[in-house]
Amino acid sequence: MILYGSSLSPFVRKVLAFAAEKSIELDVKPVGPGDQNPDFRAASPFGKMPALVDGDFSLPDSSAIVHYLEARHPEPTLIPSDPRLRAKTIWFDEFADTIVAACGAKMFFNRVVAPRFLNRPGDENAAAAAERDELPPILDYLETVVPGDDGFLVGDGLTLADIAVASPFANLGHLGCEYDRSRHGRTCAYVERILARPSFSAWVEREAAFLERTAA
Ligand SMILES: N[C@@H](CCC(=O)N[C@@H](CS)C(=O)NCC(=O)O)C(=O)O
């Protein structure tokens, strides 16, 4: 299976970590923002990454892709079948994509992607506003739901919920984001533990090396 995208995208990284947890091999074809690669555009009509191609089947959107991978490779279960656990998993995936990653994107796009890869200045006001106004309530909420021990967000094992929620924090890590550990200590420990899993760390280390090479 081919996955179009860059692991610097939290949505692409989510799919890569999800696949790695299931030992699914993906052939990653790098594409960037606005990429006109015709095979990528055929798989992703609006040009957003990631997009998956599996033979004559193609699919955009990280959430659609992980549901496809779960159905194709049910073991280990990462999207539970129990109604409540499944619904909670979908909530955390949605929260991660539309709230956490959306906030992180304002910071990462304006501070890294625009100036470094698109040759134009980022909107630092938008980045600073997201960090000041949007991030703290996200961390406050997470502090009430993350497990304080070695547990997971949903049920007894790792699920898509953990993968989706942790993924955008790798971007905040690349930005050198500082946290108030007296207020958000559980969240910090939880995110660090999920991102330390080999399914994430291999990608995050490569991203950090790439960002260092491309730093001004
Ligand atoms: N809901 C989509 C969001 C994908 C998305 O917004 N990807 C961004 C990168 S983080 C993108 O491709 N942006 C390029 C563009 O909008 O042209 C998913 O989960 O895959």
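You'll find the structure just up there.
Structure report, in brief.

Thresholds applied
Residues numbered from 1 in each chain as written. Predicted model: local features only at pLDDT ≥ 70, side-chain atom pairs only at ≥ 80, totals over all residues. Heavy atoms only, no water. Buried < 20%, exposed > 50% of the residue type's maximum accessible area, 1.4 Å probe, protein only. Helix = DSSP H or I, 4+ residues; strand = E, 2+ residues; numbered from the N terminus. Pairing = 2+ DSSP bridges. Near = heavy atom within 4 Å. Polar contact = N/O pair within 3.5 Å; in protein donor to acceptor, adjacent residues only side chain to side chain. Areas by Shrake-Rupley, 256 points an atom, 1.4 Å probe, with all protein chains shown as cover. Nonpolar A, V, L, I, M, F, W, Y, C, P; charged D, E, K, R; others polar. Axes fitted to C-alpha atoms, helices over the stretch in contact; angles between N-to-C directions. Parallel < 35°, antiparallel > 145°, perpendicular 65-115°, else oblique. Contact = heavy atoms within 4.5 Å. Phe/Tyr/Trp six-rings, centres within 6.5 Å; stacked < 30°, edge-to-face > 60°.

1. Overview of the pairing of strand β3 (residues 51–54)
Turning to step 1, where the next piece is worked out: Side chains of β3 alternate between two faces, with Ala 51 and Val 53 and Leu 52 and Asp 54 buried alike.
Turning to step 2, where the next piece is worked out: Direction of pairing for strand β1 (residues 2–4) relative to β3: antiparallel, over a ladder of three bridges. Directly across from Ile 2, in β3, lies its bridge partner Val 53.
Turning to step 3, where the next piece is worked out: In the sheet, β3 pairs with strand β4 (residues 57–60) via four bridges, with the strands oriented antiparallel. In the sheet register, Val 53 faces β4, and the bridge partner there is Ser 58.
Turning to step 4, where the next piece is worked out: Connecting the antiparallel pair β3 and β4 is a turn made up of two residues, with Gly 55 showing a positive phi of about 65°.

2. Concerning the site of the ligand
Turning to step 1, where the next piece is worked out: Inspection of the region around the ligand gives Ser 9, Phe 11, Lys 48, Met 49, Pro 50, Asp 61, Ser 62 and Asp 97 as its neighbouring residues.
Turning to step 2, where the next piece is worked out: Note that an oxygen atom of the ligand is positioned 2.8 Å from one of the backbone N or O atoms of Met 49.
Turning to step 3, where the next piece is worked out: Asp 61 places a polar side-chain atom, nitrogen or oxygen, 3.0 Å from a nitrogen atom of the ligand.
Turning to step 4, where the next piece is worked out: Alone, the ligand offers 510 Å² of accessible surface; in the complex the protein occludes 69% of this.
Turning to step 5, where the next piece is worked out: Split into classes, the residues belonging to the shell around the ligand amount to three nonpolar, two polar and three charged.

3. Thoughts on the packing of helix α4 (residues 83–117) against helix α6 (residues 160–174)
Turning to step 1, where the next piece is worked out: Two elements in contact, α4 and α6, have axes whose closest approach is 8 Å; the angle formed by their N-to-C orientations is 10°. The angle between the axes of α4 and α6 places the two elements in the roughly parallel class. The residues of α6 that touch α4, namely those facing Thr 89, Phe 92, Asp 93, Phe 95, Ala 96, Val 100, Ala 101, Gly 104, Met 107 and Phe 108, are Leu 160, Ala 161, Ala 164, Val 165, Pro 168, Phe 169, Asn 171, Leu 172 and His 174.
Turning to step 2, where the next piece is worked out: Considered class by class, the residues forming the contact of α4 with α6 number 14 nonpolar, four polar and one charged.

4. Here's the deal with the packing of aromatic side chains
Turning to step 1, where the next piece is worked out: Scanning the model with the defined rule gives eight aromatic pairs in all.
Turning to step 2, where the next piece is worked out: Taking 6.4 Å as the distance between ring centres and 45° as the angle between the ring planes, the aromatic pair formed by Trp 91 and Phe 92 counts as tilted.
Turning to step 3, where the next piece is worked out: Of the residues examined, Phe 92 reaches a relative accessible area of 4% and is grouped as buried.
Turning to step 4, where the next piece is worked out: Between Trp 91 and Tyr 141, the ring centres sit 6.2 Å apart and the planes meet at 75°, which makes this aromatic pair edge-to-face. Of this pair, Trp 91 sits in helix α4 while Tyr 141 sits in helix α5 (residues 124–145), and the two are 50 residues apart along the sequence.

5. Focus: the sheet that holds β4
Turning to step 1, where the next piece is worked out: Taking strand neighbours across the sheet as the criterion, the four strands line up as β2-β1-β3-β4 in an open arrangement whose pairing is mixed. Every other strand in the sheet has two partners, leaving β2 (27–29) and β4 as the edge strands with one partner each. Within the sheet, the average angular offset between the axes of one strand and its neighbour, ignoring direction, is 20°.
Turning to step 2, where the next piece is worked out: The strands touched by helix α3 (residues 62–72) within the sheet are β1, β3 and β4, with β4 carrying the most contacts at an inclination of about 135°.

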